[in-house]
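One-letter residues, chain by chain:
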Amino acid sequence: MSSSEESPAIAGVKELFKQTLRVFTKDNRVFLGTFMGTDQQLNLLFINTEEFILRSPFDPNGRYVGQVMIPWRLIKQVEAQVRRGRDDDGESLYL
């Protein structure tokens, strides 16, 4: 593969750049923030991030943590926010 061609995986990550992502970690936390990239070890870097702790009963109050790096080894699931429909009606869905 030449340097001008990129793999589908790299193209997919580039599409997520500056998008709002939701990351679930193995220690029962959820991070909601703007994806800014990865490092060589695939740790995820976010800005404008809020952290929520999953416990019973669920507490909807999170805390603002700003810029955060989430280690790849802690990540359980990543969801991207997608718009539904052609017009931007404010509805969104995480997949």
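Scroll up to find the structure this text is about.
Given the structure is predicted, the values throughout are model-derived calculations rather than measurements.

Novice: So, the overall build of the protein chain: which residues are in play, and what are the values?
Specialist: Assigned secondary structure in the protein chain consists of one helix and six strands. In sequence order, the protein chain lays out its α and β elements as α-β-β-β-β-β-β. Scored against the burial criterion, the 95 residues of the protein chain give a buried share of 25%. The long-range share in the protein chain, meaning contacts at least 24 apart out of those at least 6 apart in sequence, stands at 34%. Accessible surface, the protein chain: about 6900 Å² in total, of which carbon and sulfur atoms supply 52%.

Novice: Mind laying out unusual backbone geometry, listing which residues take part and the relevant values?
Specialist: Positive phi, normally seen in glycine, also occurs at Lys18, with a value near 70°. Within the secondary structure, Lys18 sits in the loop between α1 (8-16) and β1 (20-25). Despite not being glycine, Asn48 shows a phi value in the positive range, around 50°. Within the fold, Asn48 resides in strand β3 (residues 44-53).

Novice: Please set out the side chain of Glu51 residue by residue, giving values where relevant.
Specialist: Summarising the element assignment, Glu51 is placed in strand β3. Classification of Glu51 as buried rests on a relative accessible area of 5%. Side chain to side chain, Glu51 and Arg29 meet in a polar contact 2.9 Å long. Leave out the neighbours within four places in its chain, and Glu51 touches Arg29, Val30, Phe31, Gly62, Arg63 and Val65.

Novice: Could you give an account of the side chain of Thr49, naming the residues involved and the relevant values?
Specialist: Here Thr49 is to be found in strand β3. The exposure class assigned to Thr49 is buried, which follows from its relative accessible area of 0%. Here Gly66 takes part through its backbone oxygen, which lies 3.0 Å from a polar atom of the side chain of Thr49. With residues up to four places along the chain from it excluded, the contact list for Thr49 reads Phe31, Leu32, Gly33, Arg63, Tyr64, Val65, Gly66 and Val68.

Novice: Describe the nonpolar core, listing the residues and the values that go with them.
Specialist: Formed by Leu21, Val23, Phe31, Phe35, Leu44, Phe46, Val68, Ile70, Ile75 and Ala80, the largest nonpolar core amounts to 10 residues. Where this core is concerned, the elements lending two or more residues are β1, β2 (29-38), β3, β4 (63-70) and β5 (75-83). Once residues within four sequence positions are removed from consideration, Phe31 is found in contact with Leu21, Arg22, Val23, Thr25, Thr49, Glu50, Glu51, Val68 and Ile70.

Conventions and cut-offs
- Residues numbered from 1 in each chain as written.
- Predicted model: local features only at pLDDT ≥ 70, side-chain atom pairs only at ≥ 80, totals over all residues.
- Heavy atoms only, no water.
- Helix = DSSP H or I, 4+ residues; strand = E, 2+ residues; numbered from the N terminus.
- Buried < 20%, exposed > 50% of the residue type's maximum accessible area, 1.4 Å probe, protein only.
- Contact = heavy atoms within 4.5 Å.
- Areas by Shrake-Rupley, 256 points an atom, 1.4 Å probe, with all protein chains shown as cover.
- Polar contact = N/O pair within 3.5 Å; in protein donor to acceptor, adjacent residues only side chain to side chain.
- Core = buried A, V, L, I, M, F, W, Y, C linked by side-chain atoms within 4.5 Å.

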